[in-house]
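So you can see what is in the structure, the chains are spelled out below.
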Amino acid sequence: MKLAFILDPISKLDPGHDTSVALIEAAQLMGHQVWITQANQLTILAGKACAHLQSVTLKPVRLVDGLWQAESNWYEVQNSTLMALEDMDAVWMRIDPPVNTPYLYATYILDLIDPEKTLVINSPSGLRNANEKVYALQFTSVIPTTIVSQDKGVIEKFVADQGAAVLKPLGGKAGEGILFLKPGDRNFNSLVEISTKQGQEPVMVQEYLPAAKDGDKRIILLEGKPIGAVNRIPTGKDFRGNMAVGGRVAQVDITEKEKEICQTLAPKLQEDGLFFVGIDIIGGYLTEVNVTSPTGIREIDRLNNVSLGKEVIEWLAAKI
Ligand SMILES: Nc1ncnc2c1ncn2[C@@H]1O[C@H](COP(=O)(O)OP(=O)(O)O)[C@@H](O)[C@H]1O
Ligand SMILES: [Mg+2]
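Residues numbered from 1 in each chain as written. Chains lettered and ligands numbered in written order. Predicted model: local features only at pLDDT ≥ 70, side-chain atom pairs only at ≥ 80, totals over all residues. Heavy atoms only, no water.

**Student:** Which parts of the structure should I look at to understand the nonpolar core?
**Tutor:** Grouped burial of nonpolar side chains is what soluble globular proteins tend to show. Within the largest apolar cluster, 41 residues are counted, with the highest numbers of intra-cluster contacts made by Leu85, Val91, Leu110, Ile279, Leu286 and Val289. For this core, the secondary-structure elements that each account for two or more residues are strand E1 (2-6), strand E4 (48-58), strand E9 (90-93), helix H2 (101-110), strand E15 (216-222), helix H6 (256-271), strand E18 (276-282) and strand E19 (285-290). A domain-level breakdown of this core finds at least three residues from each of domain 1 (2-121) and domain 3 (211-312). Ignoring any residue separated from it by four or fewer positions in sequence, one finds Leu110 in contact with Ile6, Leu42, Leu85, Val91, Met93, Val120 and Pro124. Within the second largest apolar cluster, 35 residues are counted, among which are Phe5, Leu222, Met243 and Val312. (Core = buried A, V, L, I, M, F, W, Y, C linked by side-chain atoms within 4.5 Å. Buried < 20%, exposed > 50% of the residue type's maximum accessible area, 1.4 Å probe, protein only. Helix = DSSP H or I, 4+ residues; strand = E, 2+ residues; numbered from the N terminus. Domains from an automatic or database assignment. Contact = heavy atoms within 4.5 Å.)

This is how it looks when you write it as structure tokens:
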């Protein structure tokens, strides 16, 4: 297969942590050809989505004392060539949030790719439809009590009713801007003003789930089916469990209840072309559906001695 990955600058990626690197590495080890590009390298020429693509070669990471180790020069890229993305068998759109204007414009360019020729993962329209925080709210039977509002009064009443809550910017990732709120907090007004940009931007406010101290489980779904999971446990100093803020990762199983949550989501994910997603589950509740650049494969692989990258690339080869 010929595969293109639209990424943030490769020099900024962490080979031992980033799932995009795991996917590229797996594809390459299986003999597929891989090119990389960035959102600002996409263009439309004669009605076709094109990109300045760079052929990439990776030196695979190695497991040393239970941790991935990469060489300092772990990637090598060739000079870029302008190519039609339809020359590829699949295009992976794997740019990190925020989903800002350049991100959205990139999805409009990807819309021009003929799905008969090239599979785009995830679907550009699906990426536009699915805000990572709000998308979960349609699955009312599996989520914690949650509101979305920019109104201080509404938020204040919700926090008072819940006793404790977590505020989340709708466009954040990796724990950014996630706040713990309690009634009577002397910073309450200011926190809400900053988060809502003075009442101009809605935020999510969710009941505080005490089970969060035992971990926030990331489950990777491939066409709605769970293929692996990893737990992220807060340090105790910070209530957030994200790996990016120091959360400890631990091996974990997928419970029957969590499999049911996956089944609840599967038809909708399929309909929206959201083939490769990472859901977050706290205490048996769905809190987030990560569709842009879900991560976790490296951690799942090393904790379970598996290769999810290989599994995903095999799925892709069979699909196209
Ligand atoms: N309802 C909640 N109750 C308790 N802790 C939460 C709740 N929602 C999120 N958290 C904590 O905050 C972290 C980040 O929240 P999340 O919704 O996954 O946003 P992000 O996109 O930043 O990962 C989680 O890993 C978890 O530790
Ligand atoms: Mg999360």
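**Student:** How should I be thinking about the site of ligand 1 in this particular structure?
**Tutor:** Near ligand 1 lie 22 residues; those nearest to it are Lys168, Gly175, Asp216, Gly241 and Glu288. Here an oxygen atom of ligand 1 sits 2.7 Å away from a polar atom, N or O, in the side chain of Lys133. Between Glu288 and ligand 1, the recorded distance is 2.7 Å, taken from a side-chain N or O atom to an oxygen atom. When atom positions are compared with the pocket grids, ligand 1 is found to occupy the largest pocket. Contributions of two or more residues to the shell around ligand 1 are made by strand E12 (165-169), strand E14 (203-207) and E18. For the shell around ligand 1, the class distribution of residues is 8 nonpolar, 5 polar and 9 charged. If you count residues domain by domain, the shell around ligand 1 takes at least three from each of domain 2 (145-208) and domain 3 (211-312). (Near = heavy atom within 4 Å. Polar contact = N/O pair within 3.5 Å; in protein donor to acceptor, adjacent residues only side chain to side chain. 1 Å grid on protein atoms, 1.4 Å probe; cavity = no way out; pocket = protein on both sides within 12 Å on 5 of 7 lines; lining within 4 Å. Sits in = over half its atoms within 2 Å of the grid points. Nonpolar A, V, L, I, M, F, W, Y, C, P; charged D, E, K, R; others polar.)

**Student:** Help me out: how do you make sense of the coordination of the magnesium ion (ligand 2) in this one?
**Tutor:** A metal bound by six donors in octahedral fashion has ideal angles of 90 or 180 degrees, whereas one bound by four tetrahedral donors has an ideal angle of 109.5 degrees. At 2.2 to 2.4 Å from the magnesium ion (ligand 2) lie its protein donor atoms, namely Asp280 (OD) and Glu288 (OE). Of the two residues, Asp280 and Glu288, neither departs from the other in class, the shared state being buried. (Donors = N, O, S within 2.8 Å, 3.2 Å for Na, K, Ca; no water.)

**Student:** Sorry, what's going on with the sheet that holds E12 here?
**Tutor:** Sheet strands pair via backbone hydrogen bonds, and the direction of the pair is either parallel or antiparallel. Strand order across the open sheet formed by 4 strands is E11-E14-E12-E13, with antiparallel pairing between neighbours. Where the open sheet ends on each side, the last strands, each with one partner, are strand E11 (146-149) and strand E13 (179-181). Between one strand and the next, the sheet's axes are offset by a mean angle of 25 degrees, whatever the strand orientation. Two strands pair when backbone bridges link them, and E12 and E13 are joined in this way by 3 bridges, in the antiparallel orientation. Each residue of the ladder has a partner; that of Val166, found in E13, is Phe180. Its contacts with the sheet put helix H4 (residues 152-162) on E11, E12, E13 and E14, and the angle it makes with E14 is roughly 15 degrees. In the packing of helix H5 (residues 188-195) onto the sheet, the strands contacted are E12, E13 and E14, and the crossing angle to E13 comes to about 140 degrees. (Pairing = 2+ DSSP bridges. Axes fitted to C-alpha atoms, helices over the stretch in contact; angles between N-to-C directions.)

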